[in-house]
Amino acid sequence: MIVKFLTYLRERPEMLKWLLMSFLAFSLVFDFFVDHHEGHFWGDHLVGFWAVFGLVGCLGMIVFCKGLSHVWLERDTDHYDK
Amino acid sequence: MTSSIFMHPATMFIVGALLLPLFKKFNAQKVWLVLVPLLAFMQIKYLPSSFGCVEWMGFKLQFGRVDQLTMVFLHVFTLMALIGSIFGLHVKESGQHAAAWLYVAGSLGTTLAGDYLVVFIFWELMAFASVFLVWYRKRKKSIDAGFRYLLVHTFGGLVLLGGIFLHYQATHDLSFVAVSPETATIGEYLIMIGFMLNAAVPPIHAWLPDAYPEATVTGAVFMCAFTTKTAVYVLARGFAGFEALMILGAIMTLYGVFYAVIENDARRILAYHIVSQVGYMVCGVGIGTEMAVNGACAHAYAHILYKALLFMGVGSVLEMTGRSKLSELGGLYKYMPLTMIFTVIGGIAISGFPLTSGFISKSMIIAAAGEHHQLIVMCMLSLAAVGTFLSVGIKLPYFIWFGPNDCGLKPKEAPWNMQLGMFMAAFMCLFLGMYPKFLYDMLPYAVHYNAYNMAHLSETFHLLGFTAFGFYLMVKYLKPHDVSNLDLDWFYRRGAGWFMWFARNPVSASNEFVSNIYRTVGLRLTMAMARGLSWFDWEGIDWALDGSARGVVKGGDQVRQIQTGKLQHYIGAAVALLFLVLVVVVLI
């Protein structure tokens, strides 16, 4: 059953995309109803701060790590045996 | 069971391990494998607050000290031993089970130890028992990785021992209690470095991602739980409030997660991710406030369960398909759906989804950093949380179970005992998330923190949702390739090569030169003298002593035959002997 359900979802990437988008929209709306007065620093007082932090952090990390791996760290799996 | 009848949990596992071959002979190995950890788990709450105090050569040793901090670790260690043993039920080799249990015993013994000498003994047992979990994989790569693991841990043990000596010289006291950052001297810092090596704090972390992916399927499940978390316990016990730990811990969280983003082998990703997660705990210990130490303990408890769950999940895939590289997997959800569900539960728990254990433990440390006004540390920890969801929450399950293309394999679902182990861990991940009081009540200090507040929920929705969005945008750049990445083990792996070259060439050449001179001039002279002396010894003196020398020669021959020349055998024998001595000491 679970396999059929997942196959059904997998064949509909557009639907998954819209599900993700609607969750993101929901999370942004949700943030407006949250009390932003208590927090540890200025970022906690801004609506949507952690959304930007998450997106920029994620993209930045992929670019930085993949780039570093590509230009410097990447080796064959039997590198030390040679 | 009454409170007056109890057994040191480490002794239970040591005796259990020694009796395993016997039970195997009577086809009862599986019963024994469940019974011993179950008994150990059930009896920990009956342990008195202090026991097993002995005088030995003028030192006061304490094998049992139980308080709230000990209890939370004992609880999760014995629970994990039970889950791990059930997961490994299908393994027939008693040796592997015995190594795992002796390793657990080392960890429990360290946790209960009240003084540095006992800590050191069990600390070494842990290293020497766990290396067999790597060697039992029996591939050349595993044997090599095991030796490196052993060498690094021996070095760490020596640093720890040196620290203990200096500490004893200065204070004449071996009791294992909290050290104040103001009074710490070189001795205490060496002890801390010894502990930090086991916690895999960079730059002395490379042993972990080197050895764990080479361990056996069940071995890795045990290893991911005990070594680093025992180190977190001893750091929390002795070194809470050291600022260096806070900074290094924050660096660890990012260092580990960066590698987890780029690695290809599923178990190596998880191994690097241990570095990241233990970073949270080390950071919490370094902050040192009540809330932060609580957070470190809570996170250790939650982490052991979900990281073991993840190792069980990818271990099941490795067991059934023989593959663990993401670039060789994909599309397995059709064939191993239950394993997939369990692993995804581990993945969302480690990412800190609401209603899972990560949500209620990780946030405690981040909030403690915020309340301690460590904003940079707090942001580093939050960024590591983003990377966690990216690498272990999405990337790992996606490329194993779904992925852009199917790998073409049609494996069967994992055996029932592996699934039961995964089910137990998955259940705990969700149970702790839904009923955090269970965990909070075990922590060393009273908890005044509620994870389920609106601001934290909203922050979590944002971090996780927009990380998923980032993955969606960049998924084609994250496609895994069959490569491995350099890390700091380069220094000793390449360094050893250079050392060997130096030994073979310049040193060996000069040695050869000196030997040549000796052979031509010195040897003849010595031989002539030796012949004369030997004759005198054999015929003159030994005759007088009733032929004892001949007896010794014969005995030496017999001893020579016992020696196989395999280092593993010697280490095994030495460890077995050590355990026997320990059993005798602890029991009496």
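Note on numbering: residues in each chain are counted from 1, in written sequence order. For naming, the first written chain is A and the first written ligand is 1, with later ones following in the order written. Given that this is a predicted model, residues contribute local features only at a pLDDT of at least 70 and side-chain atom pairs are listed and counted only at 80 or more, while totals for whole chains, interfaces and linings are drawn from all residues. Hydrogens and water are ignored here; the side-chain numbers use all heavy atoms of the structure.

The next point concerns the overall build of chain B. Only DSSP runs of H or I with at least four residues qualify as helices, and only runs of E with at least two residues qualify as strands; both kinds are numbered from the N terminus onward. Looking only at helices and strands, chain B features 21 helices and 3 strands. For 588 residues, the compact-globule estimate of 2.2 N^0.38 gives 25 Å, and chain B sits close to it at 26 Å. Exposure categories follow from relative accessible area, calculated using a 1.4 Å probe and restricted to protein chains: below 20% of the type maximum is buried, above 50% is exposed, and the middle band is partly exposed. Buried positions account for 57% of the 588 residues belonging to chain B. Accessible surface area values rest on a Shrake-Rupley calculation with a 1.4 Å probe, where residue burial reflects the displayed protein chains alone. When the accessible surface of chain B is split by element, carbon and sulfur atoms take 69% of a total near 24000 Å². Restricting the calculation to C-alpha atoms gives the radius of gyration, and the globule rule supplies 2.2 Å times the number of residues raised to the power 0.38.

This brings us to a nonpolar patch on the surface. Residues and elements named next belong to chain A. A cluster of nonpolar side chains, contributed by Phe 5, Tyr 8, Met 15, Leu 16 and Leu 19, occupies part of the molecular surface with about 470 Å² of accessible area. Going through the elements one at a time, helix H1 (2-10) and helix H2 (13-32) are the ones with two or more residues in the nonpolar patch. Residue contributions to the nonpolar patch peak at 3 residues, all from H2. Inspection of the secondary structure puts Phe 5 in helix H1. In this scheme, patches are assembled from residues that exceed 30% relative accessible area and form no salt bridge. Like charges are connected within 9 Å, while nonpolar side chains (Val, Leu, Ile, Met, Phe, Trp, Tyr) are connected within 5 Å. Each reported salt bridge corresponds to a side-chain nitrogen of Lys or Arg within 4 Å of a carboxyl oxygen of Asp or Glu.

We now examine empty space enclosed by the protein. Residues and elements named next belong to chain B. Cavities and pockets were defined on a 1 Å grid built from protein atoms only: a cavity is a group of points that admits a 1.4 Å probe but offers it no way out, a pocket is an open group of points flanked by protein on both sides within 12 Å along at least five of seven lines, and a lining residue is one with an atom within 4 Å of any such point. Grid points are joined across faces, edges and corners, and a volume is the space filled by probe spheres set on the points. Counted according to the given criterion, the structure contains 2 cavities of 30 Å³ or more. Every residue along the wall of the largest cavity is listed here: Gly 88, Val 91, Gln 96, His 97, Ala 100, Leu 133, Thr 218, Gly 219 and Phe 222. Residues were grouped as follows: Ala, Val, Leu, Ile, Met, Phe, Trp, Tyr, Cys and Pro as nonpolar; Asp, Glu, Lys and Arg as charged; and all remaining residues, including Gly, as polar. Here the lining of the largest cavity is built from residues that sort into 4 nonpolar, 5 polar and no charged. Estimates place the volume of the second largest cavity at around 30 Å³. Elements represented by at least two residues in the lining of the second largest cavity include exactly helix H5 (116-135), helix H6 (140-171) and helix H7 (186-198).

Below, the discussion takes up the packing of aromatic side chains. Aromatic pairs are defined between Phe, Tyr and Trp rings, using the six-membered ring for Trp, whenever the two ring centres lie within 6.5 Å; interplanar angles under 30 degrees are classed as stacked, those over 60 as edge-to-face, and all others as tilted. Tallied over the entire structure, the rule returns 48 aromatic pairs over all chains. Relative to Phe 49 of chain A, the ring of Trp 42 of chain A has its centre 5.4 Å away and its plane inclined at 75 degrees; by these criteria the two rings are edge-to-face. Relative accessible area serves as the criterion here: at 57%, Trp 42 of chain A is assigned to the exposed category. The buried category is assigned to Phe 49 of chain A, whose relative accessible area is 16%. When the centroid spacing of 6.2 Å and the interplanar angle of 85 degrees are considered together, the rings of Phe 63 of chain B and Phe 122 of chain B count as edge-to-face. Taken together, the positions of Phe 63 of chain B in strand E2 (residues 59-65) and Phe 122 of chain B in helix H5 put the pair 59 residues apart, joining distant regions of the chain.

Judged by nonpolar contacts, the single largest core of 217 residues is most densely connected at Phe 195, Tyr 212, Tyr 301, Leu 396 and Ile 400 of chain B. Throughout, a residue-residue contact means that at least one pair of heavy atoms, one from each residue, lies within 4.5 Å. In contact with Phe 195 of chain B, other than residues within four places in its own chain, are Tyr 116, Val 119, Trp 123, Leu 160, Phe 176, Ala 231, Val 234, Leu 235 and Phe 239 of chain B. Among the buried residues, those of types Ala, Val, Leu, Ile, Met, Phe, Trp, Tyr and Cys that are joined through side-chain atoms within 4.5 Å form a nonpolar core.

Attention now goes to the interface of chain A and chain B. Listed as interface residues are 44 residues of chain A and, on the opposing side, 56 residues of chain B. Here the quantity called buried area is the total loss of accessible area, with a 1.4 Å probe, experienced by two parts when brought into contact, counted for both. Buried surface at the junction of chain A and chain B, summed over both partners, amounts to about 4700 Å²; 75% is from carbon and sulfur atoms. Interface area lost by chain A to chain B is led by Arg 10, Trp 50 and Tyr 80 of chain A, which between them contribute 16%. Counting across the chain A and chain B interface gives 1 salt bridge. Residue Arg 10 of chain A pairs with Asp 406 of chain B through a salt bridge whose shortest N-O separation is 3.7 Å. Elements supplying a minimum of two residues to the side of chain A that touches chain B: H1, H2, helix H4 (49-73) and strand E1 (74-75) of chain A. Looking at the side of chain A that touches chain B element by element, the count peaks at 17 residues for H4 of chain A. Here the side of chain A that touches chain B is built from residues that sort into 27 nonpolar, 9 polar and 8 charged. In this sheet, strand E3 (residues 484-485) of chain B lies alongside E1 of chain A in antiparallel orientation, the contact comprising 2 bridges. Considered in E3 of chain B, the bridge of Arg 75 of chain A is made with Ser 484 of chain B. Strand pairing requires that DSSP identify at least two bridges connecting the strands.

A separate point is the layout of surface pockets. In this model, the largest pocket occupies a volume close to 1400 Å³. Every residue lining the largest pocket is counted, 33 residues in all, and those nearest its centre are Leu 16 of chain A together with Ile 394, Tyr 398, Phe 402 and Phe 471 of chain B. Of the residues forming the lining of the largest pocket, the biggest block, 7 residues, is contributed by H2 of chain A. When grouped by side-chain class, the residues that make up the lining of the largest pocket number 26 nonpolar, 4 polar and 3 charged. By volume, the second largest pocket is sized at about 1200 Å³. What lines the second largest pocket is a set of 47 residues, and nearest its centre among them are Tyr 80 and Asp 81 of chain A together with Arg 148, Asp 210 and Arg 493 of chain B. Contributions of two or more residues to the lining of the second largest pocket are made by H6, helix H8 (207-211), helix H11 (266-287), E3 and helix H19 (489-544) of chain B. For the lining of the second largest pocket, the per-class residue count stands at 15 nonpolar, 8 polar and 24 charged.

What follows is about helix H3 (residues 68-87) of chain B. All names here are of chain B. Expected span, for any helix, means 1.5 Å times one less than how many residues it has. Counted at 1.5 Å a residue, the expected span for H3 with its 20 residues is 28 Å, and the 29 Å between its end C-alpha atoms agrees. Of all the 20 residues making up H3, 18 are buried; the element is thus mostly covered by neighbouring parts of the structure. Polar contact is the term for a pair of N or O atoms within 3.5 Å; when the atoms are in protein, one must be able to donate a hydrogen and the other to accept it, and sequence-neighboring residues count only if both atoms are side-chain atoms. The residue sitting at the N-terminus of H3 and contributing the capping side-chain oxygen is Asp 67; that oxygen lies 3.2 Å from the backbone nitrogen of Leu 69.

Looking now at the pattern of salt bridges. Under the criterion given, the structure shown has 14 salt bridges over all chains. When salt bridges that share partners are traced, they join Arg 148, Asp 210, Asp 489 and Arg 493 of chain B into one network.

Another point: the side chain of Asn 417 of chain B. Residues and elements named next belong to chain B. Locating Asn 417 in the fold gives a position in helix H16 (residues 416-434). Among the residues examined, Asn 417 registers a relative accessible area of 2% and is labelled buried. Here the side chain of Asn 417 touches Phe 87 through a polar contact of 3.0 Å, landing on its backbone oxygen. Discounting residues that sit within four places of it in the chain, Asn 417 has contacts with Ile 86, Phe 87, Gly 88, Leu 89 and His 90.

Bringing unusual backbone geometry into the picture now. Residues and elements named next belong to chain B. The residue after Pro 202, namely Pro 203, is reached through a cis peptide bond having omega 5 degrees. With respect to the secondary-structure elements, Pro 203 resides in the loop between H7 and H8. Not every positive phi belongs to a glycine, and Asn 27 is a case in point at roughly 60 degrees. Assignment of secondary structure puts Asn 27 in the loop between helix H1 (9-25) and helix H2 (29-43). The backbone of Lys 138 sits at a positive phi, close to 65 degrees, despite the residue not being glycine.

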